[in-house]
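Coordinates in review
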Amino acid sequence: MPKLTILVSAAAAVLLLAGSVSADGLVKYKVADNAIQQSLTGKAGDAAEGEKTFTNRKLGNCLACHQVTALAREPFHGEIGPSLDGVAGRYSEAQLRMQVVNAKVINPDTIMPAFYRTDGLHRVLDNFKDKPMLTPEQVEDVVAYLKTLK
Ligand code: HEC
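Below is a summary of the structure that appears in this document. (Residues numbered from 1 in each chain as written. Predicted model: local features only at pLDDT ≥ 70, side-chain atom pairs only at ≥ 80, totals over all residues. Heavy atoms only, no water.)

So, the site of the ligand
Definition in use: One heavy atom suffices: a residue is near a molecule or strand as soon as one of its heavy atoms comes within 4 Å of it. N or O atoms within 3.5 Å of each other form a polar contact, as long as, within protein, one can give a hydrogen and the other can take it, and as long as residues adjacent in sequence are counted only when both atoms are side-chain atoms. Every helix listed is a DSSP run of H or I at least four residues long, and every strand listed is a run of E at least two residues long, numbered separately from the N terminus. Classification convention: Asp, Glu, Lys, Arg as charged; Ala, Val, Leu, Ile, Met, Phe, Trp, Tyr, Cys, Pro as nonpolar; all other residues, Gly among them, as polar.
With respect to spatial proximity, 24 residues lie near the ligand, and among them Cys 62, Cys 65, His 66, Tyr 91 and Met 112 are the closest. Take His 66: an N or O atom from its side chain is 2.8 Å from a nitrogen atom of the ligand. A distance of 3.2 Å is found between an oxygen atom of the ligand and a side-chain nitrogen or oxygen belonging to Arg 90. It is helix α4 (residues 93-106) that provides the largest number of residues to the shell around the ligand, a total of 3 residues. Grouping the amino acids of the shell around the ligand by side-chain chemistry returns 16 nonpolar, 7 polar and 1 charged.

Quick look at the structure:
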């Protein structure tokens, strides 16, 4: 095989492997009916890790706006958003994933931040510019945690 052909096939193979990642390095996801069916990582998340990300003030910081009875030990629960008790019974996993990835798809007027999107972010700290607030793994972990809130 001529060298160029080998090079081209190698490049094609790399592109094929990277098929689920877009040019900006973000994992691509498909939105249908205000939901994301596919896990961003191709795997189920870890609920215990998700609970940590959820409560961590520097990561999800979800308690800044939401209440969860099971997390009563945590000092402060905001009241801007609804209680998430029983949320697993109200939404499918795919809907919960959409809510965490980009709540604005569901409600353009929401003040809930988009946790996995970089374009069109407003008033973000410089640290977070052009960087999603959570990694795909952290999103899936949080989704797994939300599924435990029955
Ligand atoms: C700045 C406040 C804020 C933060 C931070 C926030 N949310 Fe929300 N969230 C809201 C509001 C407000 C709603 C109500 C729905 C709307 O605005 O469209 C909501 C709705 C939701 C819902 C749907 C609840 C229902 O019963 O309809 C889920 C699930 C949710 N948020 C999860 C999360 C998770 C997980 C995090 C952390 C990763 C988070 N939220 C962080 C404000 C916030």
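Some words on the coordination of the iron atom of the ligand
Rules: Atoms of type N, O and S within 2.8 Å of a metal are treated as its donors, and for Na, K and Ca the window is 3.2 Å; water is not considered, so some sites may appear to be missing partners. Donor angles set the geometry label: tetrahedral for four donors if every angle is between 85 and 135 degrees, square planar for four and octahedral for six if opposite donors exceed 155 degrees and the others are between 65 and 115, irregular for anything else. For every residue, the accessible area obtained with a 1.4 Å probe (protein chains only) is divided by the maximum for its type, and the residue is called buried under 20%, exposed over 50%, and partly exposed between those limits.
Those donors, His 66 (NE2) and Met 112 (SD), are the protein atoms that reach the iron atom of the ligand, and they lie 2.0 to 2.2 Å from it. Metal-centred angles of 88 to 179° between the 6 donor atoms at the iron atom of the ligand mark the site as octahedral. With His 66 in the loop between α2 (47-55) and α3 (87-90) and Met 112 in the loop between α4 and α5 (136-146), this pair connects stretches of sequence that are 46 residues apart. Considered together, His 66 and Met 112 belong to a single accessibility category, that of buried residues.

Thoughts on unusual backbone geometry
In the Ramachandran plot, Asp 33 falls in the positive-phi region, its phi being about 50° despite a non-glycine side chain. Within the fold, Asp 33 resides in the loop between α1 (3-17) and α2. In the Ramachandran plot, Asn 34 falls in the positive-phi region, its phi being about 55° despite a non-glycine side chain. Looking at the element boundaries, Asn 34 is found in the loop between α1 and α2.

Examining a nonpolar patch on the surface
Rule in force here: Residues enter patches when they are more than 30% accessible in relative terms and free of salt bridges; like-charged ones are connected within 9 Å and nonpolar ones (Val, Leu, Ile, Met, Phe, Trp, Tyr) within 5 Å. Only the protein chains shown count as cover for residues, and the accessible areas themselves come from Shrake-Rupley with a 1.4 Å probe. Between Lys or Arg on one side and Asp or Glu on the other, a salt bridge is scored when a side-chain nitrogen of the former is within 4 Å of a carboxyl oxygen of the latter.
Residues Val 31, Val 105 and Ile 106 make up a contiguous nonpolar surface patch of roughly 190 Å² in combined accessible area. Position of Val 31 among the secondary structure elements: in the loop between α1 and α2. A relative accessible area of 37% means that Val 31 is categorised as partly exposed.

Comments concerning the pattern of salt bridges
Evaluation of the coordinates by the stated rule reveals 6 salt bridges. Between Glu 74 and Arg 73 there is a salt bridge; the shortest N-O distance is 3.7 Å. The shortest N-O distance in the salt bridge between Arg 97 and Glu 93 comes to 2.5 Å. Residue Arg 97 and its partner Glu 93 are both found in helix α4; the two are separated by 4 residues, about one turn of the helix. Assessed through its relative accessible area of 1%, Arg 97 is described here as buried. Here Glu 93 falls in the partly exposed class, since its relative accessible area comes to 32%. One salt-bridge network, in which partners are shared between bridges, spans Glu 93, Arg 97, Glu 140 and Lys 147.

Overview of α2
For clarity, the threshold we go by: Contact criterion: two residues are considered in contact whenever any of their non-hydrogen atoms come within 4.5 Å of each other.
Of the positions making up α2, those classed as buried are Gly 50, Thr 53, Phe 54 and Thr 55. Buried-residue contacts for α2 involve α5.

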